[in-house]
Amino acid sequence: MVELQVRRSMAAATALLAEAGITSARTDAELLAAHVLGVPRSGLMLATAMTRAQAERYEALLFRRAARVPLQHLVGAAPFRGLEVAVGPGVFIPRPETELLVEWGIGALPAGATVVDLCSGSGAIALAVASERPDTTVHAVELDASAATWLARNTSGTAVSVVCGDATSADALADLDGLVDLVLCNPPYVPAGTPVEPEVADHDPGRAVFAGADGLDVIRGIVARAASLLRLGGRLAIEHDASHGDAVVRLLTEDGRYEEAMDHVDLAGRSRFATAVRGSGPGRGLADLQS
Ligand SMILES: C[S@@+](CC[C@H](N)C(=O)[O-])C[C@H]1O[C@@H](n2cnc3c(N)ncnc32)[C@H](O)[C@@H]1O
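Residues numbered from 1 in each chain as written. Predicted model: local features only at pLDDT ≥ 70, side-chain atom pairs only at ≥ 80, totals over all residues.

Caption draft 1: Representation of the site of the ligand. Residues in close proximity to the ligand total 23 residues, the closest being Cys 119, Gly 121, Leu 143, Ala 167 and Asn 186. At the level of elements, helix 6 (124–132), strand 6 (137–142) and helix 9 (206–209) are the ones that each hand at least two residues to the shell around the ligand. When its residues are assigned to classes, the shell around the ligand shows 13 nonpolar, six polar and four charged. (Near = placed C-beta within 6 Å. Helix = DSSP H or I, 4+ residues; strand = E, 2+ residues; numbered from the N terminus. Nonpolar A, V, L, I, M, F, W, Y, C, P; charged D, E, K, R; others polar.)

Caption draft 2: Structural view of helix 7 (residues 145–155). Ala 147, Ala 148, Trp 150, Leu 151, Asn 154 and Thr 155 are the residues of helix 7 that are buried. Along the axis of helix 7, the buried positions cluster into a sector of 160°, meaning they face one direction only. If you follow the buried residues of helix 7, they end up packed against strand 4 (83–86), helix 6, strand 6, strand 7 (161–164) and helix 9. Backbone geometry just downstream of helix 7 places Gly 157 in the positive-phi region, at approximately 85°. (Buried ≥ 20, exposed ≤ 12 C-beta atoms within 10 Å, placed from the backbone. Arc of directions from axis to C-beta. Contact = placed C-beta atoms within 7 Å.)

Caption draft 3: Focus on the sheet that holds strand 11 (residues 271–278). What the seven strands build is an open sheet, ordered 7-6-5-8-9-11-10; its pairing is mixed. Of all strands in the sheet, those bounded by a partner on one side alone are strand 7 and strand 10 (258–265). Averaged over all pairs of adjacent strands, the angle between strand axes in this sheet comes to 15°, irrespective of strand direction. Where strand 8 (residues 180–185) meets strand 9 (residues 230–239), five bridges bridge the pair, whose relative direction is parallel. Within the sheet, the bridge partner assigned to Val 180 lies in strand 9 and is Leu 230. Packed on one face of the sheet, helix 6 meets strand 5 (114–118), strand 6 and strand 8 and runs near 175° to strand 6. Taken strand by strand, helix 10 (residues 217–229) contacts strand 5, strand 8, strand 9, strand 10 and strand 11, and its axis lies near 155° from that of strand 9. (Pairing = 2+ DSSP bridges. Axes fitted to C-alpha atoms, helices over the stretch in contact; angles between N-to-C directions.)

Caption draft 4: Spotlight on the domain arrangement of the protein chain. You can read the domains of the protein chain as domain 1 (3–67) and domain 2 (81–290). Computed from C-alpha coordinates alone, the two centres of domain 1 and domain 2 are separated by 35 Å. (Domains from an automatic or database assignment.)

Caption draft 5: The arrangement of the packing of helix 2 (residues 25–37) against helix 3 (residues 52–66) in detail. Following both chains from N to C, one finds helix 2 and helix 3 inclined at 140°, their axes separated by 10 Å at the closest point. Classified by the angle their axes make, helix 2 and helix 3 are oblique. For the pair helix 2 and helix 3, the sense of crossing is right-handed. On helix 3, the residues touching Asp 28, Leu 32, Ala 33, Val 36 and Leu 37 of helix 2 are Gln 54, Arg 57, Tyr 58, Leu 61, Leu 62 and Arg 65. The residue inventory of the contact of helix 2 with helix 3, partitioned by class, reads seven nonpolar, one polar and three charged. (Parallel < 35°, antiparallel > 145°, perpendicular 65-115°, else oblique. Left-handed = near helix turned anticlockwise from the far one by under 90°.)

Below, the structure is given as C-alpha cells:
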C-alpha cells in the first residue's frame, strides 16, 4: 500500500485552492481531507497517511473544488445548527448566517407552537426548529420541484410536514391561517444582475438567489402571506440582503398588520434579518383577513 503524508498533501492542496481564488483554502483542504479519510476535521491531527486510493480521491475532489464546485456539494452536506443537511445540485446550500434567524425564532417560542418555514429549500430551518424544539409542529413550504425533492429527502422520518407550492399564495397552508405562532423565512433576495461568486452563480439555483430588479419581489409576497398565517402576537422573521434592512422594515410597517417591526444585525454589525409581531391592525390586506 502506497501512503501519502497527510500534512504534505494538505499543504499542496491549500496552495492549489488559494491559487483558484478560494479564500477559505486551508479550511476547505482540511474538510475535504477529513471527508476522504472518514474522520471529523479535528481527527486530522491524528491522521498521518492516506492510501493511494484516498489520495486519488482527494486529488479529484480538490480539482473539482478548484473549479469552484461548492465544498458542500463535494461532501454532500452542509452543517446547520449542529445538523448535517444533505445538499447537492438543485438546492440552495444553507448558510451559517441563517442560524441567527433560527436563534431569534426559537427564543421565546411558546410550548407546543406551530411554526412555518417559508421558502424552505433543503429544509435547514424547519429541521433545526424541529430538532431543537421537538414540542413544536413544523411545516415547510417550497416552490421549486428540485429543491422540494431535497426537502422531502431531508425531512423524511422527521416530524416536519412539507408542502410543494408558492409560499406567497393564499393557498399555501391555507388551513393554518390565523393559527401560526412563528413564521421563519430565508427567501431569495439578491437583486437581479448582482455579481456573485462562481459557487453561487453556477451551483445555487437562480430561483433561490435572485428576486427581481430590487431583490424584494418574494419578500413583498411573504410579508403579506405571513400576516394571514400568523395569530395575533405571532412573530415573523425574514432574512434579507444586507442593504435591505430599512426597506424590509418599511414593507412590514406599511402592511399595517404588524407591530414592533425592526431589523437585526450580526456580530459584524451587518444587517441580516427583519422581524415583526402580528398586531390587530387590519392593514392593507383587509380583504385577505375577511376571507
Ligand atoms: C435562499 S433559498 C433558502 C433556502 C433555505 N430556507 C435556507 O435557508 O437554506 C430560497 C428558497 O426559496 C425558494 N423559493 C423561491 N420563491 C419561492 C416561492 N414563491 N415560494 C416558495 N419557495 C420559493 C427557492 O426555490 C429556494 O429554495
